[in-house]
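Tertiary structure, described
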Amino acid sequence: MRTFCLKILAILTVLAAVTGCSVGGGEARAPRQLDLGTGLSVPTGSLPAHRPLLLAPVTASALLNDTSVIWRVGESGQPQGFTTYRWAAPPAQLVTQRLMARLSLQGAVLEQGIGGDAPQLRLNLQSFEQLFAPDGKASQGVLIMQAVLLRNNRVVAQKLIDIKVPAISQDATGGAQALRLATDQAAEQMAQWLTPFLKP
C-alpha cells in the first residue's frame with residue numbers, strides 16, 4: 001500500500017510540474033510559443049548530390065496537426081498538452097520544414113505535384129512528444145515517423161524512424177530542445193537512407 005501511495009504521489013508531482021498551474025488567482029497569461037530553432041543542430045554527413053525529390057507535407061494524427069505541446073507520463077500514459085506552451089506551428093509542419101532544410105543540402109526538394117516523374121517521399125509523423133519517467137526525474141523527446149519512397153506511384157522502400165533524446169530539463173523547454181535534436185537526427189537518418197535511391 002505504501003509503495004502504491006508513493007507512486008501516486010510521484011505522478012501527482014509530475015503533473016503539477018508540467019501543467020504549469022498556479023495556485024493563486026492571477027490573470028491567465030498567453031501561452032509561450034516554442035519552435036525548433038534555426039539551423040541544423042546535428043552534424044550533416046558529406047553525402048553526394050541527389051536528383052530532385054518530391055516531398056509531400058508530413059501527415060499526422062489530429063493531435064499532431066494542432067499546436068499543443070504534448071507530454072505524457074510513461075508510455076501507457078494518456079497524452080496531455082502543456083497549458084502554458086504552444087508550438088509556433090503544428091508539429092507536422094515544423095518537421096516538414098526541418099526535413100526540407102536538410103534534404104535540400106544535397107539537391108532540389110520540390111513540393112508534391114511538381115517535378116513530373118521524380119521520386120516522391122511520403123512521411124507520417126506518429127509521435128512527437130515529451131515522455132516523462134513515472135517518478136518525474138527524467139524525460140525524453142520522442143519522435144516516431146514512417147517513411148515511404150515511391151517512384152511512378154510504386155513503393156520503392158519503407159523505413160521507420162524511432163528516435164528518443166534525453167531532455168536536459170524536466171519542463172516544456174527541455175522537451176522542445178530534445179525534440180529539435182530528435183528531428184534533426186531523423187532528417188540526417190532520412191538523408192542517408194535516401195542516398196542510394198536518388199543517384200543522378
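To start, this report covers the structure provided alongside it. Numbering of residues starts from 1 in every chain and runs along the sequence as written. This being a predicted model, a pLDDT of at least 70 is required before a residue's local features are given, and a value of 80 or more before pairs of side-chain atoms are given or counted; all residues contribute to the totals for chains, interfaces and linings. Hydrogens and waters are ignored; side-chain quantities use all the structure's heavy atoms.

Considering unusual backbone geometry
Of note, asparagine 152 is a non-glycine position whose phi angle comes to about 55 degrees, a positive value. We count a stretch as a helix when DSSP gives it H or I for four or more residues in a row; a strand needs E for two or more, and each element gets its number in order from the N terminus. Within the secondary structure, asparagine 152 sits in the loop between strand E8 (139–151) and strand E9 (154–166). A positive phi angle, close to 65 degrees, is found at asparagine 153, a residue other than glycine.

Side note on the pattern of salt bridges
What makes a salt bridge here is a side-chain nitrogen of Lys or Arg within 4 Å of a carboxyl oxygen of Asp or Glu, nothing more. Tallying each qualifying case throughout the model produces five salt bridges. A salt bridge links arginine 72 to glutamate 129, with the shortest nitrogen-to-oxygen separation between them at 2.9 Å. Here glutamate 129 lies in strand E7 (residues 120–132) and arginine 72 lies in strand E4 (residues 68–73), a separation of 57 residues in the sequence. Residues arginine 102 and glutamate 188 are paired through a salt bridge, measuring 2.6 Å at the closest nitrogen-oxygen approach. In this pair, arginine 102 is assigned in helix H2 (residues 91–103) and glutamate 188 in helix H3 (residues 172–194), connecting sequence segments 86 residues apart. Of the two residues examined, arginine 102 and glutamate 188, each falls in the buried class. The rule is simple: take the accessible area with a 1.4 Å probe, protein chains only, and divide by the maximum for that residue type; under 20% is buried, over 50% is exposed, in between is partly exposed.

Focus: H2
Expected span, for any helix, means 1.5 Å times one less than how many residues it has. Taking 1.5 Å of rise per residue, the 13 residues of H2 would be expected to cover 18 Å, and the 18 Å separating its terminal C-alpha atoms lies within 8% of that figure. Buried within H2 are the following residues: Pro91, Ala92, Leu94, Val95, Thr96, Arg98, Leu99, Arg102 and Leu103.

Digging into the side chain of serine 68
Topologically, serine 68 is positioned in strand E4. Polar contacts here mean pairs of N or O atoms no more than 3.5 Å apart (in protein, one a potential hydrogen donor and the other a potential acceptor; neighbouring residues in sequence count only if both atoms are side-chain atoms). Side chain to side chain, serine 68 and aspartate 66 meet in a polar contact 2.6 Å long. Side-chain polar atoms of serine 68 contact the side chain of arginine 86, separated by 3.1 Å.

Remember, this is a structural readout, not a statement about activity or role.
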